[in-house]
There are 2 protein chains.
Amino acid sequence: MTKSLPPFDRLVEQFRRLPGVGIKSAKRMTFAVLDMPSEDAQAFADAIIAAKAHISRCKICGDICEGDVCSVCLDSHRDQSILCVVEDSRDVAALEKMREYHGLYHVLGGLISPTDGIGPDRLLVRELLRRLDGKVKEVILATNPSVEGEATALYIAKLIKPMDVLTTRLAYGIPVGGELQYADDMTLFRAIEGRRKI
Amino acid sequence: MTKSLPPFDRLVEQFRRLPGVGIKSAKRMTFAVLDMPSEDAQAFADAIIAAKAHISRCKICGDICEGDVCSVCLDSHRDQSILCVVEDSRDVAALEKMREYHGLYHVLGGLISPTDGIGPDRLLVRELLRRLDGKVKEVILATNPSVEGEATALYIAKLIKPMDVLTTRLAYGIPVGGELQYADDMTLFRAIEGRRKI
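The model shown is predicted, which means the values in this text are computed figures rather than measured ones.

Colleague: Describe the relation of the copies chain A and chain B, with residues and values.
Modeller: Between the two chain copies there is a screw-like relation: a rotation about an axis and a shift along it. The two copies are related by a screw motion: chain A maps onto chain B through a turn of 180° and a shift of 0.0 Å along the axis, at an RMSD of 0.1 Å. Taken together, the rotation and translation relating the two chain copies correspond to the operation of a two-fold axis. When C-alpha positions in chain A are compared against the rotation axis, the closest is assigned to Ala-45 of chain A, at 2.2 Å. Interface overlap between copies is the fraction of interface residues in one copy that are interface residues in the other; for chain A against chain B it reaches 100%, indicating a shared surface.

Colleague: Could you give an account of the confidence of the model for chain A, with specific residues and numbers?
Modeller: Chain-level pLDDT for chain A is 91 on average; 98% of the residues reach the 70-or-more range. Per-element averaging of pLDDT across chain A places helix H8 (residues 185-193) of chain A at the bottom with 84 and helix H3 (residues 38-54) of chain A at the top with 96.

Colleague: Before we move on, can you summarise unusual backbone geometry with the specific residues and values?
Modeller: With the exception of glycine, the majority of residues adopt a negative phi angle, and the majority of peptide bonds are in the trans configuration. In the Ramachandran plot, Arg-99 of chain A falls in the positive-phi region, its phi being about 65° despite a non-glycine side chain. One can find Arg-99 of chain A in the loop between helix H5 (89-98) and strand S4 (103-107).

Colleague: Can you break down helix H2 (residues 23-35) of chain A residue by residue, with the values?
Modeller: With 13 residues, H2 of chain A extends 18 Å from end C-alpha to end C-alpha; this agrees with the ideal 18 Å at 1.5 Å per step. Looking at H2 of chain A, one finds that the buried residues are Ala-26, Met-29, Thr-30, Phe-31, Ala-32, Val-33 and Leu-34 of chain A.

Colleague: Outline the nonpolar core, supporting the account with residue identities and numerical values.
Modeller: Ranked by internal contacts, the top residues of the largest apolar core, which has 44 residues, are Phe-15, Leu-18 and Phe-44 of chain A together with Phe-15, Leu-18 and Phe-44 of chain B. Looking at this core, the elements with two or more residues in it are helix H1 (6-16), H2 and H3 of chain A together with helix H1 (6-16), helix H2 (23-35) and helix H3 (38-54) of chain B. Sequence-distant contacts of Leu-18 of chain B, defined by excluding residues within four places in its chain, comprise Phe-15, Met-29, Ala-32, Val-33, Met-36 and Phe-44 of chain A.

Colleague: Just give me the short version of the sheet that holds strand S6 (residues 166-169) of chain A, but keep the residues and values in it.
Modeller: Residue and element names in this part refer to chain A. Taken together, four strands build an open sheet; the order of strands is S4-S3-S5-S6 and the sheet is parallel. This sheet does not close on itself; its edge strands, each paired only once, are S4 and S6. Ignoring which end each strand starts from, the neighbouring axes of this sheet average 25° apart. Judged from the five bridges that link them, strand S3 (residues 79-86) and S4 form a sheet pairing that is parallel. Across the sheet, Val-85 pairs through a bridge with His-106, a residue of S4. Of the strands in this sheet, S3 and S4 touch H5, which is tilted by about 160° from S4. Against the sheet, helix H7 (residues 147-160) contacts S3, strand S5 (138-141) and S6, and its axis sits at roughly 170° relative to S6.

Colleague: Which residues make up the domain arrangement of chain A, and what are the values?
Modeller: In terms of domains, chain A is made up of domain 1 (2-56) and domain 2 (73-171). Look at where the C-alpha atoms of domain 1 of chain A and domain 2 of chain A centre, and you get two points 35 Å apart.

Colleague: Summarise the environment of Val-86 of chain B; cite the residues concerned and give the values.
Modeller: Residues and elements named next belong to chain B. When you line up the elements, Val-86 lands in strand S3 (residues 79-86). With a relative accessible area of 0%, Val-86 lands in the buried category. It is 7.4 Å that separates the C-alpha atoms of Val-86 and Tyr-105, two residues lying 19 residues apart in sequence. Excluding its chain neighbours within four sequence positions, the residues that come into contact with Val-86 are Asp-91, Val-92, Leu-95, His-106, Val-107, Leu-108 and Ala-142.

Here is what the cut-offs are and how they apply
Residues numbered from 1 in each chain as written. Chains lettered and ligands numbered in written order. Predicted model: local features only at pLDDT ≥ 70, side-chain atom pairs only at ≥ 80, totals over all residues. Heavy atoms only, no water. Least-squares fit on C-alpha atoms with pLDDT ≥ 70 in both. Contact = heavy atoms within 4.5 Å. pLDDT = per-residue confidence, 0-100. Helix = DSSP H or I, 4+ residues; strand = E, 2+ residues; numbered from the N terminus. Expected span 1.5 Å × (residues − 1). Buried < 20%, exposed > 50% of the residue type's maximum accessible area, 1.4 Å probe, protein only. Core = buried A, V, L, I, M, F, W, Y, C linked by side-chain atoms within 4.5 Å. Pairing = 2+ DSSP bridges. Axes fitted to C-alpha atoms, helices over the stretch in contact; angles between N-to-C directions. Domains from an automatic or database assignment.

Rendered as structure tokens:
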């Protein structure tokens, strides 16, 4: 390749918009597309369109799903009295992989972050409050232990306070298999603070 | 996300086929597509189709280009007496970036690799020999200094030998800015072997 080829550059630009993809990776990916048989490139393009067309947000919890309501919200065997509030669908996937949580979820679709101009109105907070209609006895605030995650959890906890609902937060401390000497100060502090009687 | 969603999984699979993309990156990229506005996802899919449709191989040198013949082969100002033989288009891009080489190129489209079942017939070797019609005075074999690159260079050098063409190979040695103590044995050997009078 000697001069810039507009269709090449446009595809490089598209790949660069993906998370974790720099200019070199984007070029490598573009060459990979050019090396594919035409059917494979078509299948790739179709998969993008299909994912966008067939996957939407659950009308109840905000998680991604096919159709209007996700399988967890439709499942009457799940514990309807516990709601686990998370930042996005990836967190639901992580918690489901564990197979130990049987309650419902609520996906906020982000975290409150004034520096990025994201206020509570951009998240599904109103939808969360609407779900607290008496059946829900506990809300687990499972946002990440970051500045934004803590702020969002505190904000929601304050809103829920007047209601007759138990509000909990995940335990933070040394990860299982981790080592004390490599833990950062904040994690150690949380581990000491949250110590439990054995 | 609680259960596997076929359109989601299909897009993850497509991303995984790209070089350097593992399962975690592929999922992250799929979520990024879901978070895009529909127009952006459409533009991404269109860019894949367009790159595949509008970029082809130059009929003369095998480099990627728009149209039948690439801009280098069409450029009468380039030195028609030197041909630089490279593995693929990325090598042409690297050499052109330098702006010091003004001859022509020949892109093999791969390297001879018996373990991968790639013989000389899978590369544009016949097309290279056809270009050595008397006008070309020098062929620079600029394949990578790998086992396959060396084998391919030697194979082509042997084919060219009976013709009245100077065959050269790039200089290999310590990279500029590199340090002797970090160079591998093979590179050091090449640097000693290729030493020049100052």
